[in-house]
Structures are given as structure tokens and as C-alpha cells.
Amino acid sequence: LLDIGNSGFRNRWVEMARRPLPHQTARELEILEVLWDHGPCHTEEVVGLLDAGARRRPSHSAVATILGIMENKGFVSRDTSVRPYQYQAEVLREEVEEQFINHLTTSVFRGSRLRLVARALDIDAASLEDLEEIERLIREMRQADDDAD
């Protein structure tokens, strides 16, 4: 770290470095979704599956470049024993979701999960089925807390 005296910059830098930030770009998340949903794929399969929901078809070279970056970051692995190379996700969907929720809760909702959930329900009205499922999850969490005591 760069020490620039008593300006406070150094302390803010240290705090930012400790804060868990999402590391995936929007395109990387789209590619992870493809790999989570479809399992190992080669680059052209990823392109085709991304193209299915895209307004603009991503190029093969762009996807190949992003997959290489993702491999360097540890998000995907490449099986070189087959041709064309197959890529598979090396991070779990749940890990990425947790990382994003923790970042969002901390950075936007000042640590309040209640505010996060209330805002999510306020923006997009939940269906009756969703509300029943949320209630069931709350009951399970309460039961798990009671069992732990």
C-alpha cells in the first residue's frame, strides 16, 4: 500500500481492499449461467447459448477471450484432453449469489438484510406462491435456530 501520510487515504484503501467485491463482469456472469445450466461446453456452444437470449450475437473470439480471462481468475476450468476444449464452471452459483448479496447488503443497504428484502419485494410485487415460499423459508430458519439452542 502507498503511505501518503495522515490524509486518511491509506485507511480508506485498506477498507476497500478488505471489502468483498463482486469480481465477475456482466458478460462473465452470463457465461457462468450458461455453464451452470448446461454443464461443460466448448466456446461455440457458449456463443450459441448466449446468442439465444441476446439482442446482439457475441463473437466467437470475444467469448474465447472472456473464457480465457475467466480461467485465469479461477471462475472456469478448461479440459484440454478433448477438442474443441470444454469449459466448466469452477465456482458455485450459490457462492456467486452470496458474494453479490453480501456486497449489495453492505454497500447499498448499510448491512440491513431487512431493507434489502423489503426493497426487493417493493420493486417487484411477489406472487402469492413466492410469499408462501418465503414464509416457509422463515419457518425453517426459525426451526433451525430453535434446534440449535
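Residues numbered from 1 in each chain as written. Predicted model: local features only at pLDDT ≥ 70, side-chain atom pairs only at ≥ 80, totals over all residues. Heavy atoms only, no water.

Focus: the environment of Gly-111
Line of reasoning, step 1. One can find Gly-111 in the loop between helix 5 (93-107) and helix 6 (113-123).
Line of reasoning, step 2. When its relative accessible area of 49% is taken as the criterion, Gly-111 is described as partly exposed.
Line of reasoning, step 3. Apart from residues no more than four positions distant in its own chain, Gly-111 is found in contact with Thr-105 and Thr-106. (Helix = DSSP H or I, 4+ residues; strand = E, 2+ residues; numbered from the N terminus. Buried < 20%, exposed > 50% of the residue type's maximum accessible area, 1.4 Å probe, protein only. Contact = heavy atoms within 4.5 Å.)

Observations concerning unusual backbone geometry
Glycine aside, negative phi is the norm for most residues, and most peptide bonds take the trans geometry.
Line of reasoning, step 1. Omega for the bond connecting Arg-83 with Pro-84 falls within 30 degrees of zero, at -10°, which places this linkage in the cis form.
Line of reasoning, step 2. Position of Pro-84 relative to the elements: it lies in the loop between strand 2 (76-79) and strand 3 (86-89).
Line of reasoning, step 3. Phi at Arg-110 is positive, roughly 50°, even though this residue is not glycine.
Line of reasoning, step 4. Within the fold, Arg-110 resides in the loop between helix 5 and helix 6.
Line of reasoning, step 5. Classification of Arg-110 as exposed rests on a relative accessible area of 69%.

Brief notes about the pairing of strand 2
Line of reasoning, step 1. Summarising the sheet, strand 2 and strand 3 pair through 4 bridges and their orientation is antiparallel. The residue bridging Ser-77 from the neighbouring strand is Gln-88, located in strand 3. (Pairing = 2+ DSSP bridges.)

Focus: the packing of helix 3 (residues 43-52) against helix 4 (residues 60-73)
Line of reasoning, step 1. Two elements in contact, helix 3 and helix 4, have axes whose closest approach is 9 Å; the angle formed by their N-to-C orientations is 110°. Classed by the angle they form, the pair helix 3 and helix 4 counts as roughly perpendicular. For the pair helix 3 and helix 4, the crossing hand works out as right-handed. The segment helix 3 lies against helix 4, with Thr-43, Glu-44, Val-46, Val-47 and Leu-50 engaging His-60, Val-63, Ala-64 and Leu-67.
Line of reasoning, step 2. When the residues that make up the contact of helix 3 with helix 4 are grouped by side-chain class, the tally is 6 nonpolar, 2 polar and 1 charged. (Axes fitted to C-alpha atoms, helices over the stretch in contact; angles between N-to-C directions. Parallel < 35°, antiparallel > 145°, perpendicular 65-115°, else oblique. Left-handed = near helix turned anticlockwise from the far one by under 90°. Nonpolar A, V, L, I, M, F, W, Y, C, P; charged D, E, K, R; others polar.)

Re the pattern of salt bridges
Line of reasoning, step 1. Enumeration according to the criterion identifies 8 salt bridges in this entry.
Line of reasoning, step 2. One salt bridge connects Arg-119 with Asp-122, and the closest N-O pair in it is separated by 2.8 Å. Of the two residues, Arg-119 and Asp-122 are both situated in helix 6; the distance of 3 residues between them amounts to about one turn of the helix.
Line of reasoning, step 3. The closest approach of N and O atoms between Arg-136 and Glu-140, which form a salt bridge, is 2.0 Å. Remark: Glu-140 and Arg-136 occur in helix 7 (residues 128-148); sequence separation between them is 4 residues, near one turn of the helix. (Salt bridge = Lys/Arg side-chain N within 4 Å of Asp/Glu carboxyl O.)

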